[in-house]
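# Coordinate analysis (summary)
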Amino acid sequence: MAAAPVVAPRAAGHRFGPVALVVAGGLSVQFGSAVAVLLMPRAGALGVVTLRLVLAAAVLLIVCRPKVRGYGRADWGTIVAFGTAMAGMNILFYQAVDRIPLGAAVTLEVLGPLVLSVVASRRLVNLLWAGLALGGVVLLGGGGFDRLDPAGAAFALAAGAMWATYIVFSARTGRRFPQADGLALAMAFGAVLSLPFGIAEAGDKLLVPSTIGLGLAVALMSSVLPYTLELLALRRLPAPTFAILMSLEPAIAATAGFLVLSQALSLTDALAIALVIAASMGAVRTQSRRARAE
């Protein structure tokens with residue numbers, strides 16, 4: 001009887017801890033993206049990607065000091081796939097936000113995780129939450145996607161496909177590698193992939209101290225912190241539930257755009273945000289009930 005008050009909070013923390021990690025990661029990455037938009041005039045979209053990945057890889061390698069021995073071919077294949085997904089997702093996304101507003105880009109990009117949640121889920125109720133989130137995503141677009149730059153919209157949709165791939169291989173990396181070692185190795189591989197593109201576009205602009213300082217802020221906010229939190233969350237959350245929670249990203253992006261980039265929110269935007277939050281809360285409650293049942 002005396003132990004009951006202690007056990008119950010721990011159980012609750014076990015259920016809701018991963019959700020808090022996802023939300024914190026989303027806040028970090030979207031505000032980091034807003035800072036990245038401000039950095040683009042200095043280094044270009046591809047230059048920002050290179051700064052973000054290279055500096056994030058450097059931080060993670062220094063902090064984690066991952067070992068490189070003792071892993072099999074399948075482990076390294078997972079690292080290559082995860083790193084490629086990260087590099088592709090970032091390159092495509094920054095090409096999108098260089099052409100269309102941040103909120104619209106994230107709204108289109110999040111369709112990738114939503115499709116993943118529908119395909120991967122084996123529970124009918126998750127289809128309901130995914131559908132509700134999709135309705136909010138479409139509403140957040142305000143019916144104005146046809147007025148967006150076609151190339152920017154295409155880049156955002158392609159980034160969404162890479163985002164879904166990222167979720168799958170982030171979960172596999174978390175299972176195969178201890179702590180954040182796999183993330184550090186994959187980030188380094190993704191940084192190497194992005195380096196030629198960044199150098200070709202920005203050249204020696206990447207070496208300007210103030211640009212490096214802003215790039216480090218973007219790397220920490222948009223890569224190091226959120227990717228680490230998501231890696232930890234995916235060890236305890238099913239991929240479909242995690243993918244539905246990603247529907248919060250357009251709402252966070254709209255908030256970041258309002259606070260950092262002075263992009264106003266309309267009543268329709270507020271309603272759309274309420275829908276995606278309701279979908280995410282529903283997904284969390286479903287996962288909590290499933291955890292209790294198990």
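Residues numbered from 1 in each chain as written. Predicted model: local features only at pLDDT ≥ 70, side-chain atom pairs only at ≥ 80, totals over all residues. Heavy atoms only, no water.

Time to look at the overall build of the protein. Counting its regular elements, the protein contains 11 helices and zero strands. Secondary structure of the protein in N-to-C order comes out as α-α-α-α-α-α-α-α-α-α-α. Relative to its 294 residues, the protein shows a buried fraction of 51%. Summarising the internal contacts of the protein: among those between residues at least 6 apart in sequence, 89% fall at separations of at least 24. Total accessible area on the protein stands at roughly 13100 Å², and carbon and sulfur atoms take up 68% of it. (Helix = DSSP H or I, 4+ residues; strand = E, 2+ residues; numbered from the N terminus. Buried < 20%, exposed > 50% of the residue type's maximum accessible area, 1.4 Å probe, protein only. Contact = heavy atoms within 4.5 Å. Areas by Shrake-Rupley, 256 points an atom, 1.4 Å probe, with all protein chains shown as cover.)

Backbone geometry places arginine 65, a non-glycine residue, at a positive phi of 45°. With respect to the helices and strands, arginine 65 occurs in the loop between helix 1 (4-64) and helix 2 (73-97). Unlike most non-glycine residues, glutamine 179 shows phi in positive territory, near 50°. You can see glutamine 179 is positioned in the loop between helix 6 (150-176) and helix 7 (181-202). Residue classification places glutamine 179 among the exposed positions, given a relative accessible area of 61%.

Bringing the nonpolar core into the picture now. Counting 78 residues, the largest nonpolar core has Met86, Phe93, Tyr94, Tyr166, Ile167, Leu183 and Met187 as the members making the most contacts within it. In terms of residues, this core owes the most to one element, helix 1, which gives 18 residues. Residues in contact with methionine 86, not counting those within four places in the same chain, are Tyr166, Leu183, Ala186, Met187 and Tyr227. (Core = buried A, V, L, I, M, F, W, Y, C linked by side-chain atoms within 4.5 Å.)

Below, the discussion takes up the packing of helix 6 against helix 8 (residues 209-234). Running from N to C, helix 6 and helix 8 cross one another at 70°; their axes reach a closest spacing of 8 Å. As summarised for this structure, helix 6 and helix 8 are arranged roughly perpendicular, according to the angle between their axes. Judged by residue contacts, Tyr166, Ile167, Ser170, Ala171, Thr173 and Gly174 of helix 6 engage Tyr227, Glu230, Leu231 and Leu234 from helix 8. Its residues assigned to classes, the contact of helix 6 with helix 8 comprises six nonpolar, three polar and one charged. (Axes fitted to C-alpha atoms, helices over the stretch in contact; angles between N-to-C directions. Parallel < 35°, antiparallel > 145°, perpendicular 65-115°, else oblique. Nonpolar A, V, L, I, M, F, W, Y, C, P; charged D, E, K, R; others polar.)

Glancing now at the packing of aromatic side chains. Given two aromatic rings, one states the distance between the centres and the angle between the planes to describe the pair. Taken as a whole and judged by the stated rule, the model has five aromatic pairs. Between the aromatic rings of tyrosine 71 and tryptophan 76, the centroid separation amounts to 6.0 Å while the plane-to-plane angle is 85°, which identifies the pairing as edge-to-face. Consider the rings of tyrosine 166 and tyrosine 227, whose centres lie 5.2 Å apart with planes at 45°: the pair is tilted. With tyrosine 166 in helix 6 and tyrosine 227 in helix 8, the pair connects residues that are 61 residues apart, well separated along the chain. Comparing tyrosine 166 with tyrosine 227, the two get one shared label, buried. An aromatic cluster is defined as three or more aromatic residues linked by ring pairs; in this entry it consists of Tyr71, Trp76 and Phe177. The ring of tyrosine 71 carries the charged tip of lysine 67 above its face, separated from the ring centre by 5.7 Å. One residue, arginine 172, lies across the ring of phenylalanine 169, its end atom 5.0 Å from the ring centre. (Phe/Tyr/Trp six-rings, centres within 6.5 Å; stacked < 30°, edge-to-face > 60°. Lys NZ or Arg CZ within 6 Å of the ring centre and 35° of its normal.)

Structurally, the position occupied by isoleucine 199 is in helix 7. Taking the relative accessible area as the measure of exposure, isoleucine 199 reaches 47% and is therefore partly exposed. Note: C-alpha distance between isoleucine 199 and alanine 43 (156 residues apart in sequence) is 9.8 Å.

The analysis is restricted to geometry; functional conclusions fall outside its scope.
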